[in-house]
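Below are the chains, spelled out letter by letter.
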Amino acid sequence: MQQDLYETFARALAGLCPLERVREIEAAADPRAAAAHTWNEVDALGYGDALSPAEHGGAGLSLADAEGLLRAAGAMALPFPFADTLLARALLRAVGQAVPDGPIALGVARPDGAAWRCAPIAGVALAQAVAVELDGCLLLWPTPDMVQPGLFRPGASGAPVWHGMPAHAGRAAVPAGAVQAWRNAADAAGMAGAMQAVLDRCVAYARERRQFGQALGRFQAIQQDISVLAEQVAAVATAARLACASGALFPDPALAACARLRACEAVPVVCALAHAVHGAIGITEELPLGLYTARLHEWRAVGTREDDCAELLGRRVLADDGRTLLDAVRGLVSAAQV
């Protein structure tokens, strides 16, 4: 099912939200308004309700089933917070709450004097609402009063700020750490899709581009770069699939942290090799490579810190007194494959 959903969703996105449209949305003076029509077309496909309970109008899929959708969104550089929307809709609809038609971003709210803010969120400037985690609940807040632009996609991402605590339009209880674990797994799946798209473009470019009378891919240095790139992509894809293997809505926190950590470690390697293969043209708008590498760097920057992922894994291993690191890894993988 995962691969079928991936292929179906990716084909649909290629027609509804091609990369040229992604550029237009993120460069618009009012990105939210510019994105509204495209989001409505994408949302009409029904995939945004994939995780919502069937009795509330959704498909009732598990995270394992929806992994293909998350990869497809990453592979097609979808500018919206699609993964956030999947979870927010599922949690709110499960308790009978109404949800907005537009995309929903996920964040953790913190007070800042009289104001409230979240850390930078990918795609928040395109969202119609923000589901903030506060005191063990997910509260549906309206669009922020301002968004402090992010570094990698300043038109689409940033840190949302409300000048005071807004009235919430929906509320759902969430287990401690569950949303973070879900985001870690979803981030890894999205990054796996984006990295696969980068690899595909590198292979195609190396076949098409000719240098000194022969295809670029015939040079041993380029072959070596693409081989290492493929190794990184395969490792991230495997980690993401294991993290999303849960038959429930939320993944194992340790597996999710492992997947995000592995994906983040691969980002600088994948991006550097991809731009090395393409040379100077890779940073121009003539090619879409920059859309993907900017997103990969953003994913790494705005989610759970790598040190925090490593600490979670370390605590999990140390909690199993008397077991070796290899035993702990085997246990995690076995649990994911059940």
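In what follows, the accompanying structure is described. Residue numbers here run from 1 along each chain, matching the order of that chain's written sequence. Local features are withheld for residues below a pLDDT of 70 in this predicted model, meaning they are given only at 70 or higher, and side-chain atom pairs are given and counted only at 80 or more; totals for whole chains, interfaces and linings count all residues. Neither water nor hydrogens contribute to the side-chain values; these are computed over all heavy atoms in the structure.

Notes on the overall build of the chain
Now for step 1: Along its length, the chain carries eleven helices and ten strands.
Now for step 2: Taking 2.2 N^0.38 as the reference for a compact globule, 338 residues should give roughly 20 Å; the C-alpha atoms of the chain span a radius of gyration of 20 Å, in line with that estimate.
Now for step 3: Along the three orthogonal principal directions, the C-alpha set of the chain runs to about 65 × 60 × 40 Å.
Now for step 4: Per-residue accessibility, obtained with a 1.4 Å probe over protein chains only, is compared with the maximum for each type, and a residue is labelled buried under 20%, exposed over 50%, and partly exposed between these values. Out of the 338 residues belonging to the chain, those deemed buried represent 51%.
Now for step 5: Contacts are residue-level and defined by heavy atoms, with any inter-residue pair within 4.5 Å sufficient. Contacts in the chain between residues far apart in sequence, at least 24 positions, make up 72% of those at least 6 positions apart.
Now for step 6: Positive charges are assigned to Lys and Arg, negative charges to Asp and Glu, while His and the chain termini are left out of the count. Taken as the charge location is NZ of Lys, CZ of Arg, CG of Asp or CD of Glu. The average position of the 27 basic charges and that of the 35 acidic charges among the side chains of the chain differ by 4 Å. Helix and strand definitions here come from DSSP, where helices need a minimum of 4 consecutive H or I residues and strands a minimum of 2 consecutive E residues; each element is numbered from the N-terminal end. Put simply, the radius of gyration uses C-alpha atoms, and a globule should come to 2.2 Å times the residue count raised to 0.38.

Some thoughts on the sheet that holds strand β4 (residues 129–134)
Now for step 1: The rule for pairing is simple: two strands pair if DSSP sees at least two bridges between them. The four strands are arranged β1-β4-β5-β8 in an open sheet whose pairing can be described as mixed. Pairing within the sheet leaves two strands with one partner each, and these edge strands are β1 (104–108) and β8 (171–173). On average, adjacent strands in this sheet sit at an angle of 25° to one another, irrespective of strand direction.
Now for step 2: With five bridges connecting them, β1 and β4 associate as parallel partners. Following the sheet pairing, A105 is matched in β4 by V130.
Now for step 3: Axis definition: a line fitted to C-alpha atoms, limited for helices to the stretch in contact. Angles are taken between N-to-C directions and run from 0 to 180 degrees. Helix α5 (residues 82–94) rests against β1, β4, β5 (137–142) and β8 of the sheet, and its axis sits at about 85° to β1.

Structural notes on the sheet that holds strand β6 (residues 146–149)
Now for step 1: Taking strand neighbours across the sheet as the criterion, the four strands line up as β2-β3-β7-β6 in an open arrangement whose pairing is antiparallel. The outermost strands of the open sheet, each flanked by one partner alone, are β2 (110–112) and β6. Strand-to-strand twist of the sheet, defined as the mean angle between neighbouring strand axes without regard to direction, takes the value 30°.

Things to note about the packing of α5 against helix α6 (residues 178–208)
Now for step 1: Contact pair α5 / α6: the axes reach a minimum separation of 10 Å and the direction vectors enclose 145°. When you trace α5 past α6, the crossing you get is right-handed. When α5 is examined against α6, the residues A83, D84, L86 and L87 are found in contact with a partner set consisting of V179, W182, R183 and A186.
Now for step 2: Side-chain classes follow a simple rule in which Ala, Val, Leu, Ile, Met, Phe, Trp, Tyr, Cys and Pro form the nonpolar group, Asp, Glu, Lys and Arg form the charged group, and the remainder, Gly included, forms the polar group. Split into classes, the residues belonging to the contact of α5 with α6 amount to six nonpolar, no polar and two charged. Each helix crossing is assigned a hand: it is left-handed if the near helix lies turned anticlockwise from the far helix by less than a right angle, otherwise right-handed if that turn is clockwise.

Re the pattern of salt bridges
Now for step 1: For this document, the term salt bridge refers to a Lys or Arg side-chain nitrogen within 4 Å of an Asp or Glu carboxyl oxygen. Counted according to the given criterion, the structure contains 17 salt bridges.
Now for step 2: Taking the shortest distance from any N to any O, the salt bridge between R89 and D43 comes out at 3.0 Å. Within this pair, whereas R89 is found in helix α5, its partner D43 is found in helix α3 (residues 31–43), the two being separated by 46 residues in sequence. With respect to class, R89 is no different from D43; both count as buried.
Now for step 3: A salt bridge links E67 to R71, with the shortest nitrogen-to-oxygen separation between them at 2.8 Å. On the criterion of helical spacing, the pair formed by E67 and R71 is a turn pair, its members being four residues apart in helix α4 (residues 63–75).
Now for step 4: Here R71 falls in the buried class, since its relative accessible area comes to 12%.
Now for step 5: A cluster of three or more residues bridged by salt bridges with shared partners is formed by E26, R153, R295 and E298.

Digging into the side chain of E133
Now for step 1: Along the polypeptide, E133 turns up in strand β4.
Now for step 2: Comment: no salt bridge for buried E133; closest opposite-charge side chain is R110, at 8.6 Å.

Let's talk about the packing of aromatic side chains
Aromatic rings considered in pairs are described by the distance between their centres and by the relative angle of their planes.
Now for step 1: The rule is short: rings of Phe, Tyr and Trp, with Trp giving its six-membered ring, pair when the centres are within 6.5 Å, and they are stacked under 30 degrees, edge-to-face over 60, tilted in between. Throughout the structure, instances matching the rule amount to five aromatic pairs.
Now for step 2: Considering the side-chain rings of F9 and F82, the 5.2 Å spacing of their centres and the 35° angle between planes classify their relative orientation as tilted. Pair noted here: F9 is in helix α1 (residues 2–16) and F82 is in helix α5, with a separation of 73 residues, a long-range link. The pair formed by F9 and F82 is uniform in burial state, with each residue classed as buried.
Now for step 3: Ring geometry for W39 against F80: centres 5.2 Å apart, planes inclined by 70°, an arrangement best described as edge-to-face. Taken together, the residues span a long stretch of sequence, with W39 in helix α3 and F80 in the loop between α4 and α5 at a distance of 41 residues. Comparing W39 with F80, the two get one shared label, buried.

Read these as layout, nothing more, since geometry by itself doesn't imply function.
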